[in-house]
Amino acid sequence: MKYYLIVGEASGDLHASHLMMSLKKIDKEADFRFFGGDLMSAVGGTRVKHYKELAYMGFVPVLLHLRTIFSNMAMCKQDILQWNPDVVILVDYPGFNLSIAKFVHSKTQIPVYYYISPKIWAWKEWRIKSIKRDVNELFSILPFEVPFYETKHHYKIHYVGNPTADEVRTFLKGYQETFEEFVARQKLLSPHPLESGKPVIALLAGSRKQEIKDNLPAMIEAARTFTDYQMVLAGAPSIEDDYYEKFLQGSEVKMVRNETYALLKHAAVALVTSGTATLETALFDVPQVVCYETPIPKLIRFGFEHIIKVKYISLVNLIANREIVQELMADRFSVANIQAELEKLLPSHPEREEMLTDYKEVRQKLGDAVAPDNAAGIMYNLLKN
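### Remarks on the pairing of strand β10 (residues 254–257)
Line of reasoning, step 1. Summarising the sheet, strand β9 (residues 230–235) and β10 pair through 4 bridges and their orientation is parallel. Looking at β10, one finds that glycine 235 is bridged to arginine 257.

Rendered as C-alpha cells:
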C-alpha cells in the first residue's frame, strides 16, 4: 500500500520513522512518500520536503514566512492528488496538518489518519470540530486523551501506548555501561568532561534557543550551591556548541551531546524544562524539578488558571492527573524556589522516595504496548478491510 506521511518537526520525524518501520514489518509492499526528516529518509521512500522547510515557531516567524508556508501547503495538496496514496498519515503539527486533512477530506476519498493527536485539550479545543469532520481515525499516545475525546467529545480514538515509554524500555534493556565507563567515554567526546565518583545533577534545559536562554542560567545558579554534585547539561542536537558556551563560561557545568538517555541513567536528580523530557526523566526514575520561565509571569499565571484548559504543564502530572513533580512556572520560577525543591529530592529525603513511588503510577497508566507496532497493526487492518 501507498502511505503519505506529513511531519513538521524533529519529534515527528522520530515517531513517524518508527511507525514506518512497523508498517514495513506487516506490509511488505509498503511504499512511503512524505514531508519529513532524515530519520524517515533512512527508513526508505521518497522525501518531498524536509520538515525544516516547514517549521516556523511563534507569531512573528510565521507572519514573516506566510508566503512560504502557503506555498508548501499548496505543493503538499497537489502532490497528494498526483500520487493518490491509500492513506494520508498526519503526525502532530496541527496548524499545517489540519489544513491538509480538510483538503483531503473535501477533495478525495483518501482516508486521513492522525498519529499523535493534536494537544487540543490544552488550548484551541475548538479544533475538535475539524478533527471530527476531517480525520477518519485518530491514534493517541497519552492515556488521558481517551476520556477527553471519547467522553467529552464523543469521538472514538485509539490509545496505542506511548512511544517514549517503549524507547526508554528498549534503551534500558541494551545499556550496560557503568558510570565510570560513561565518564571515561565522555572524556574523549566532550570539551566539558564529567568527573568520576561525583553524583550528577542533570540539566535538561529544552531543545529551542529561547527555552535555553530563559531557563539554563537559573538552573545553573540554583544547582551550583550543591557542591557535592556535578552539574551535567544534556546538549540538544539542534543547538550548536557556540550557543551553549556563553552560558557555560566560568561555570563548573559539564556537557554531553546526543546522550540524554545515558545521562539520565546515571543521574541522581534533574532540573527539567517542560516537555517530553519530563516524562523521559520519570521513566528513568530520576527525581526532578520542572523549571519554566515565562515573560510577564503574573499574566501567564492568570491565563493558565482562566484560559488554558489544563492544570499542569508536565506530562508526568498530566498523565497522573495530580502533582507528582513540582512545576516552577511563571511567578513560581525563581532560583530560590529551584534550590529549595531540588534539595528535597536529594538522597535521604522523604520527598525523593515519594516521587519515585508515584512514578510507578505513571508507568502503569502508560502500559506496555509498543506504540508504533500497535498503531501500524490497527492502520493496516483498517485499510485492508
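### What to know about the environment of aspartate 92
Line of reasoning, step 1. Here aspartate 92 lies in the loop between β4 (87–91) and α5 (94–107).
Line of reasoning, step 2. Remark: the alpha-carbon pair of aspartate 92 and lysine 119, spanning 27 residues in sequence, is separated by 8.3 Å.
Line of reasoning, step 3. If near-sequence neighbours (up to four positions away) are discounted, aspartate 92 is found in contact with Glu9, Asn97, Tyr114, Tyr115, Ile116, Ser117, Pro118 and Lys119.

### A few points about the pattern of salt bridges
Pairing is possible between side chains that carry opposite charge, provided their charged atoms lie close to one another.
Line of reasoning, step 1. Applying the stated criterion to the full structure yields 22 salt bridges.
Line of reasoning, step 2. Between aspartate 38 and arginine 47 there is a salt bridge, and its shortest N-O distance comes to 3.2 Å.
Line of reasoning, step 3. On the accessibility criterion, arginine 47 (35% relative accessible area) is partly exposed.
Line of reasoning, step 4. Between glutamate 361 and lysine 365 there is a salt bridge; the shortest N-O distance is 3.7 Å. Of this pair, glutamate 361 and lysine 365 both sit in helix α17 (residues 350–366), 4 residues apart, roughly one helical turn.
Line of reasoning, step 5. Counted as one network, the salt bridges with shared partners bring together Arg322, Asp358, Glu361 and Lys365.

### Some thoughts on the nonpolar core
Line of reasoning, step 1. Counting residues in hydrophobic clusters, the biggest one holds 135 residues, and the most contacted among them are Tyr3, Leu5, Ile6, Ile89, Tyr115 and Leu203.
Line of reasoning, step 2. Per element, the largest residue contribution to this core is 7 residues, and it comes from helix α10 (residues 209–223).
Line of reasoning, step 3. With residues near it in sequence (within four places) discarded, isoleucine 89 still touches Tyr3, Tyr4, Leu5, Ile6, Leu19, Leu23, Tyr113, Tyr115 and Met379.

### Structural notes on the pairing of β9
Strand residues, when the strand is regular, have side chains that alternate between the two faces of the sheet.
Line of reasoning, step 1. When you tally the buried positions in β9, you get 6 out of 6 residues, the bulk of the element.
Line of reasoning, step 2. Alignment of strand β8 (residues 200–204) against β9, held across 4 bridges, turns out to be parallel. Each residue of the ladder has a partner; that of valine 200, found in β9, is glutamine 230.
Line of reasoning, step 3. In this fold, β8 hands off to α10, which returns the chain to β9; that crossover is right-handed.

### Observations concerning the side chain of asparagine 215
Line of reasoning, step 1. By the secondary structure assignment, asparagine 215 is in helix α10.
Line of reasoning, step 2. A polar contact is formed between the side chain of asparagine 215 and the backbone nitrogen of glutamate 293, at a distance of 2.8 Å.
Line of reasoning, step 3. Each residue touching asparagine 215, except ones within four places of it in the same chain, is listed here: Thr273, Cys291, Tyr292, Glu293 and Phe333.

Reading guide: rules and limits
Residues numbered from 1 in each chain as written. Predicted model: local features only at pLDDT ≥ 70, side-chain atom pairs only at ≥ 80, totals over all residues. Heavy atoms only, no water. Pairing = 2+ DSSP bridges. Helix = DSSP H or I, 4+ residues; strand = E, 2+ residues; numbered from the N terminus. Contact = heavy atoms within 4.5 Å. Salt bridge = Lys/Arg side-chain N within 4 Å of Asp/Glu carboxyl O. Buried < 20%, exposed > 50% of the residue type's maximum accessible area, 1.4 Å probe, protein only. Core = buried A, V, L, I, M, F, W, Y, C linked by side-chain atoms within 4.5 Å. Right-handed = clockwise from strand over helix to strand, strands pointing away. Polar contact = N/O pair within 3.5 Å; in protein donor to acceptor, adjacent residues only side chain to side chain.

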